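Geometric and topological summary
Next come the chains, spelled out residue by residue.
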Amino acid sequence: MNLNKFGVLIGIGALIVIVIIGLVLTGFYPIAFVGIKPITWHNFKENSAAAYHYYKMTLQTYGGSQEDLNKPENIQEINRAVLDKLIENEIIFKSLNSIPKANEIVRNKIEQALKQAINPKDNIKEAVNTLYGLTVDEFTKLVLVPQARKEVLEGRLFLENSSNSNGFDEWLKKAKKDVKVLILLNDFKWDGEKVVLKK
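So, here is what we can say about the structure in this document. These figures come from a predicted structure and were not determined experimentally.

The rules behind each value
- Residues numbered from 1 in each chain as written.
- Predicted model: local features only at pLDDT ≥ 70, side-chain atom pairs only at ≥ 80, totals over all residues.
- Heavy atoms only, no water.
- Salt bridge = Lys/Arg side-chain N within 4 Å of Asp/Glu carboxyl O.
- Helix = DSSP H or I, 4+ residues; strand = E, 2+ residues; numbered from the N terminus.
- Contact = heavy atoms within 4.5 Å.
- Pairing = 2+ DSSP bridges.
- 1 Å grid on protein atoms, 1.4 Å probe; cavity = no way out; pocket = protein on both sides within 12 Å on 5 of 7 lines; lining within 4 Å.
- Points joined across faces, edges and corners; volume = space filled by probe spheres on them.
- Nonpolar A, V, L, I, M, F, W, Y, C, P; charged D, E, K, R; others polar.

Applying the stated criterion across every chain yields a total of 10 salt bridges. The residue aspartate 68 makes a salt bridge to lysine 71 at a minimum N-O spacing of 3.3 Å. Glutamate 88 is paired through a salt bridge with lysine 85; the nearest N and O atoms lie 3.1 Å apart. Within this pair, glutamate 88 and its partner lysine 85 are both found in helix H4 (residues 72-95), separated by three residues, close to a single helical turn. Several salt bridges converge on common partners, so that one network encompasses Asp84, Lys85, Glu88 and Lys176.

On to the environment of proline 146. Tracing the sequence through the fold places proline 146 in helix H7 (residues 136-160). The contact partners of proline 146, leaving out residues within four places of it in the chain, are Asn89, Thr140 and Lys141.

The next thing to look at is the pairing of strand E1 (residues 30-34). In this sheet, strand E2 (residues 37-40) lies alongside E1 in antiparallel orientation, the contact comprising four bridges. Note that in E2 the partner of alanine 32 across the bridge is isoleucine 39. Between E1 and E2, which pair antiparallel one after the other, the connecting turn spans two residues, and glycine 35 there sits at a positive phi close to 65 degrees. Both E1 and strand E3 (residues 181-183) contribute to a ladder of three bridges, which runs antiparallel. In the sheet register, valine 34 faces E3, and the bridge partner there is valine 181.

Space inside the largest pocket adds up to approximately 470 Å³. Around the largest pocket, the lining is made up of 18 residues, and of these Asn47, Ala51, Lys85, Leu142 and Val143 lie nearest the centre. Counting residues per element, the ones that place at least two in the lining of the largest pocket are helix H2 (41-62), H4 and H7. The leading source of residues in the lining of the largest pocket is H4, at seven residues. Looking at the lining of the largest pocket residue by residue, the class counts come to 13 nonpolar, three polar and two charged. By volume, the second largest pocket amounts to about 360 Å³. Considering the residues around the second largest pocket, the lining is formed by 17 residues, among which Asn43, Leu86, Glu90, Lys141 and Arg149 are closest to the centre. Listed by contribution, the elements that provide at least two residues to the lining of the second largest pocket are E2, H2, H4 and H7. For the lining of the second largest pocket, the leading source of residues is H7, giving five residues. In terms of residue class, the lining of the second largest pocket is built from seven nonpolar, five polar and five charged.

Laid out in structure tokens, this is it:
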């Protein structure tokens, strides 16, 4: 009987180790929490790569130094800004739960944006790939969905308080102060309003 219990414990322990190794290898482990919602390493790296690619292509187009972009302090600033934006996106996403049919409105905004962008003369797939290094589906997930969510929330806040043109900015500032954020990366911390570099 004791041997069976020991075997079960070994099996459970091995399964836990395999799951942890799988999460680490695929990048699906948390690097930050917004409330109880995790931001994964995979999501962070995907967004950081797109931001880096965008800046690289902008420098190539408008003439700039690739060496400057590759300086550690500039890479760190891109990563800081990306993490800050991911936290902001989670705050916005959570607040959309109180808006009836928010997901349907977001889907409609995305469809509308894609329809406007698709022109027989233009190749949106090529443009998105060139500018961000992403597929259209990845671009939709990383850029269009968060932007549509923000616009839906901005519209709701405007309708609730149309006399205040800074309604969204004020709401976001308050929401950032009210949310509990835990950053697990060594280089960054949450100061109550934004992601900052640890000194």
